[in-house]
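# Residue-level structural notes
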Amino acid sequence: MVCLSKMASKYQKFSSASYALARVSGEKVATMNTVMHNYPTALRLKTVLTVRSRLLSSLPPKNMLQRRWCTTTTGRRYSANTLGLALSQTNSNNSFSQALLNMNNSVDHGMRHSPFLTRDELVNAKRVVIKLGSAVVTRADGQGLALGRLAAIIEQVSEIQNSGAECILVTSGAVAFGKQRLSQELLMSMSMRETLSSVDRSSELKNIAQHELKRPNAAVGQSGLMALYEAMFRNYGILVGQVLVTKQDFRNENTREQLFNTIRELMALNIIPVINTNDAVSPPPQDGDLGDGTLNITDNDSLACTIAVDAGADLAILMSDVEGIYNKPPKEEGAQLLPYFNPKIVNQIQYGEKSNYGTGGMESKVKAACYALEHGCSVVICSGMKYNTIRNIMSAENVGTMFTPLEIEGTTVEIQAQNARKGSRRLSSLAPEERAEAIRHLSNSLLTHQAEIMEANNQDLANARAHGVTGPMFDRLALSSSKLESLCVGLNQIADSSYDNVGRVLKRTKISETLEVVQETVPIGVLMVIFESRPDALPQIAALAIASANGLLLKGGKEATNSNRVLIRLVNEALGRYGCADAITLVSGRNEVSELLKLDGYIDLIIPRGSNELVRSIKERSKSIPVLGHADGICHVYLDSDCDVEKAIKIVVDAKTDYPAACNAMETLLIHESLLENEVFYKVCQALKQENVKIYSGPRLSETLTFGPPKASKLSIEYGDLACTIEIVSTLDDAIDHIHKYGSSHTDVIVTENQDTADRFLNNVDSACVFHNVSSRFADGFRLGLGAEVGISTGRIHARGPVGVEGLLTTKWVLRGTDDTAEEYSKGRKEFIHKSLPLN
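Here the structure is a predicted model, which is why all the values come from computation and not from measurement. (Residues numbered from 1 in each chain as written. Predicted model: local features only at pLDDT ≥ 70, side-chain atom pairs only at ≥ 80, totals over all residues. Heavy atoms only, no water.)

### Some remarks on the sheet that holds strand β15 (residues 584-586)
The strands that make up a sheet are held in pairs by hydrogen bonds between backbone atoms, and each pair lies either parallel or antiparallel. One open sheet holds the four strands; their spatial order is β15-β14-β13-β16, and the pairing between them is parallel. The outermost strands of the open sheet, each flanked by one partner alone, are β15 and β16 (605-609). Within this sheet the neighbouring strands show an average axis-to-axis angle of 15°, counted without direction. Looking at chain direction, strand β13 (residues 526-531) and β16 are connected through five bridges and run parallel. From the neighbouring strand, F531 faces β16, where its bridge partner is R609. (Pairing = 2+ DSSP bridges. Helix = DSSP H or I, 4+ residues; strand = E, 2+ residues; numbered from the N terminus. Axes fitted to C-alpha atoms, helices over the stretch in contact; angles between N-to-C directions.)

### Structural notes on helix α8 (residues 147-162)
With 16 residues, α8 extends 22 Å between its outermost C-alpha atoms, agreeing within 8% with the 22 Å of an ideal straight helix rising 1.5 Å per residue. Among all positions of α8, only L150, A152, I153, I154, Q156, V157, S158, I160 and Q161 are buried. Following α8 by one or two positions, G164 has its phi on the positive side, about 115°. (Expected span 1.5 Å × (residues − 1). Buried < 20%, exposed > 50% of the residue type's maximum accessible area, 1.4 Å probe, protein only.)

### A look at the side chain of D536
Following the sequence through the fold, D536 ends up in the loop between β13 and α23 (537-547). On the basis of relative accessibility, which here comes to 9%, the residue D536 falls in the buried class. Side chain to side chain, D536 and R534 meet in a polar contact 3.2 Å long. Beyond its immediate stretch of four places on either side in the chain, D536 contacts R476, L479 and L487. (Polar contact = N/O pair within 3.5 Å; in protein donor to acceptor, adjacent residues only side chain to side chain. Contact = heavy atoms within 4.5 Å.)

### What to know about helix α28 (residues 679-690)
For α28, spanning twelve residues, the distance from its first C-alpha to its last is 16 Å, which sits close to the expected 16 Å at 1.5 Å a residue. Buried within α28 are the following residues: V680, F681, V684, C685, A687 and L688. Along the axis of α28, the buried positions cluster into a sector of 160°, meaning they face one direction only. Opposite the packed face of α28, turned more than 90 degrees from it, sit the exposed residues K689 and Q690. Buried residues belonging to α28 abut β17 (635-639), α27 (645-657), β18 (666-672), β19 (694-697), α29 (699-704) and β20 (723-729). If you check the start of α28, you find a side-chain oxygen 3.0 Å away from the backbone N of V680, and it comes from N678. One or two steps after α28, the chain reaches N692, where phi turns positive at roughly 65°. (Arc of directions from axis to C-beta.)

### Side note on the sheet that holds strand β9 (residues 378-383)
With mixed pairing, eight strands are arranged side by side in an open sheet as β5-β6-β4-β3-β7-β9-β10-β8. Looking at the sheet topology across the chains shown, the edges are occupied by β5 (239-245) and β8 (340-341). Taken strand by strand, helix α14 (residues 253-268) contacts β3 (127-132), β4 (166-171), β5 and β6 (271-277), and its axis lies near 145° from that of β6. Packing against the sheet, helix α16 (residues 362-374) makes contact with β3, β7 (315-320), β8, β9 and β10 (401-403), and its axis sits at approximately 155° to β9.

### Considerations on the pattern of salt bridges
Overall, the coordinates contain 30 salt bridges when judged by the stated rule. Through salt bridges with shared partners, a single network forms among D819, D820, E824 and K830. (Salt bridge = Lys/Arg side-chain N within 4 Å of Asp/Glu carboxyl O.)

### Considerations on a nonpolar patch on the surface
A grouping of F778, L784 and L786 is seen on the molecular surface, where their side chains present a nonpolar patch of about 240 Å² in accessible area. Within the element layout of this structure, F778 appears in the loop between β22 (769-772) and β23 (791-793). (Patch = residues over 30% accessible without salt bridge, like charges linked within 9 Å, V, L, I, M, F, W, Y side chains within 5 Å. Areas by Shrake-Rupley, 256 points an atom, 1.4 Å probe, with all protein chains shown as cover.)

### Some remarks on the confidence of the model for the protein
The pLDDT averaged across the protein works out to 80; a share of 76% of its residues lies at or above 70. Considering only residues more than four positions removed or in separate chains, one finds that residues 287-292, a stretch of pLDDT under 50, has nine contacts. The model gives residues 355-359 a pLDDT under 50, and that stretch makes ten contacts with residues more than four places away or in other chains. (pLDDT = per-residue confidence, 0-100.)

### Let's talk about the side chain of S383
Following the sequence through the fold, S383 ends up in strand β9. By relative accessible area, which is 6% here, S383 ends up buried. A polar contact is formed between the side chain of S383 and the backbone nitrogen of M385, at a distance of 3.1 Å. Ignoring anything within four residues of it in the chain, the contact list for S383 reads M319, S320, D321, V322, E323 and T389.

### Observations regarding the environment of L338
Positionally, L338 belongs in the loop between β7 and β8. Here the alpha-carbon distance between L338 and Y326, two residues twelve residues apart in the chain, equals 5.6 Å.

### Points about the packing of α27 against α28
For the pair α27 and α28, interaxial distance at closest approach is 10 Å and the crossing angle is 30°. You can see that α27 and α28 cross each other, and the crossing is right-handed. Between α27, through V645, A648, I649, V652, V653 and K656, and α28, the contact on the second element is made entirely by V680, K683, V684, A687 and L688. Tallied by class, the residues present in the contact of α27 with α28 amount to nine nonpolar, no polar and two charged. (Left-handed = near helix turned anticlockwise from the far one by under 90°. Nonpolar A, V, L, I, M, F, W, Y, C, P; charged D, E, K, R; others polar.)

Put into structure tokens, the structure is as follows:
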């Protein structure tokens, strides 16, 4: 690694560039123009090329010659080899440094680009300012630096820099580092007489170093802090350059211009500018604006935002010891962290106490961030005390508070989850008749508002066509009069069977002469159901939640936005008649799912309904909230050697074609090998072809038929369309083994007239639903008499198969006694009976 001081001293012939490097290294160098002024033009050009070649050969290959990105004034990004382009612009009248400045000025000066609106866009930031507050850099006791935390932050900053973006570091910590070193130095410098004295002056000296020597502390700490940054960044092949500033540097136009020229040159050379206020000479901070839209620099927050604006940064991350902006002081009860902040609501914020570290406070942070946002730079205020904060921000995770010009509507998902919890408790307190009536009101509303629902659904279908949505997703999106009518029948069925759901006694036991315990049903609490496309799922799930007295958060697909908006309004109207409108909420937005998956304090169960990718994604991302559902719906129909041909054709065609996109549609048809020798195999295949079902053959069928269907790519395929795989098996056991190996434990069917064979199949196939002489499409909550379902589970814990009301309930134990104590029973004064009692 070539350090800056060597590079600056070796090449002392560049004007602005060498001055910038000299400013970093502390050396004074002669300019190129001065050294070469009297040389002939040809000789000057030859010398420039020689020096240029030496400079490039000396630059660290891991750091200085990477592909760079320059931030433009319009938000678009242009990639360029900065050094190569600068050299191509260099001539006898134009220095290398000036070429770098011209490049940066061309993209920095002009119309300001717009700030990012949402967190998803932050990954596109190509110039990032990271501000490290005193609390982040300093240890909790104030004695020195938090090295572990600092190393983790530097690692994350290096990842951004080495990915092709540009970073600027605005740091505190010099005073804290200086306190540690100066305290040690004062103690070491005590005379022998003072050391042997009975009066311990060490505490006094430490106090002096801590509170009375701010400027000496800053002077001592700056060199050490910079040396630490150099050593840490060197591990990632990155050079850093220190830039010490004072308030006067920004008030004087000439020094301000030179300051930002230096910063731009450093960035063009892929050197991270490390900026710090020169506390050794800076006067005390003063409040107030300078006018003309200029931010007064009173602390490192205002410094960072000023640097971000003038350097053309896309993003400023202000890290301190606070999580972000709250709607009230964080220590007050009910304080909520705001994931987004629009400056228009700045007057609604209540500020708490100022931190014990540094010179800034939350009010100063908000003011600085608003200034940066107004000038086109996005800002995130966050805590630097947690691991991976910067990575998480750049990955669009909901960390800290992001400043955005978007109008913030509604409440945060955390508040929605809290309201759902409260709404669940109010639902539980309602009489069963009231819950049933709410469901019936919703059912009637679907019919009375049918025209409005269909109009909204037609808008969704039109949008889907415009975006090229076809196939199963489009089919699931469409509503119809018959669908709504069937939906109403199911909802009324749920209402009729809801009276004994909550508070039903499952077990009653007499513990002793004075004790009796009952186990009774209670709601799980708050459910979160994520579903794609199907708007008809919303009222079904809502009715089941009401019948089980559960709070509910619904996250529908954006393709059904208009339909869902009408349907959730009808749900809330039905609940509002009993004061429970907020028990069921539809959440929307890009980041809500990630945020909801973290709310294990409010959400008790997640039920994803949709594609395999959706279910797998939710299961992988939910670290602390249980997930109920299935990823695949690979359903089999097995035609036994004793099957009836007419029944076989009827069941197979229905299982595949009634709703090919459904998870309970047949995907694989297993046929006993003996059926190839009679008409059953060919009649079944012909019936499928007449319904335009594309047939693929399994390995054995492909070997048996010379000119058979094309071979399936694999045996565990969920087509979700008019297609299926056909495979032959030799025995019932072969069929069962195939199902266990390639199925998804969803729904599997046998078609046979042999009752013993059917019983063996039903007993030995380990799936959530096993049917005899019935289409697989009957694996549905409504068809099985549940009224509706929140989904189908292939898991083995809690609920399995179509999940209706029963799957949304848990239990609690209610024990009634007189004055019973455990000691009475352990010492024999009272005896256990443990006698089962009738439930009623």
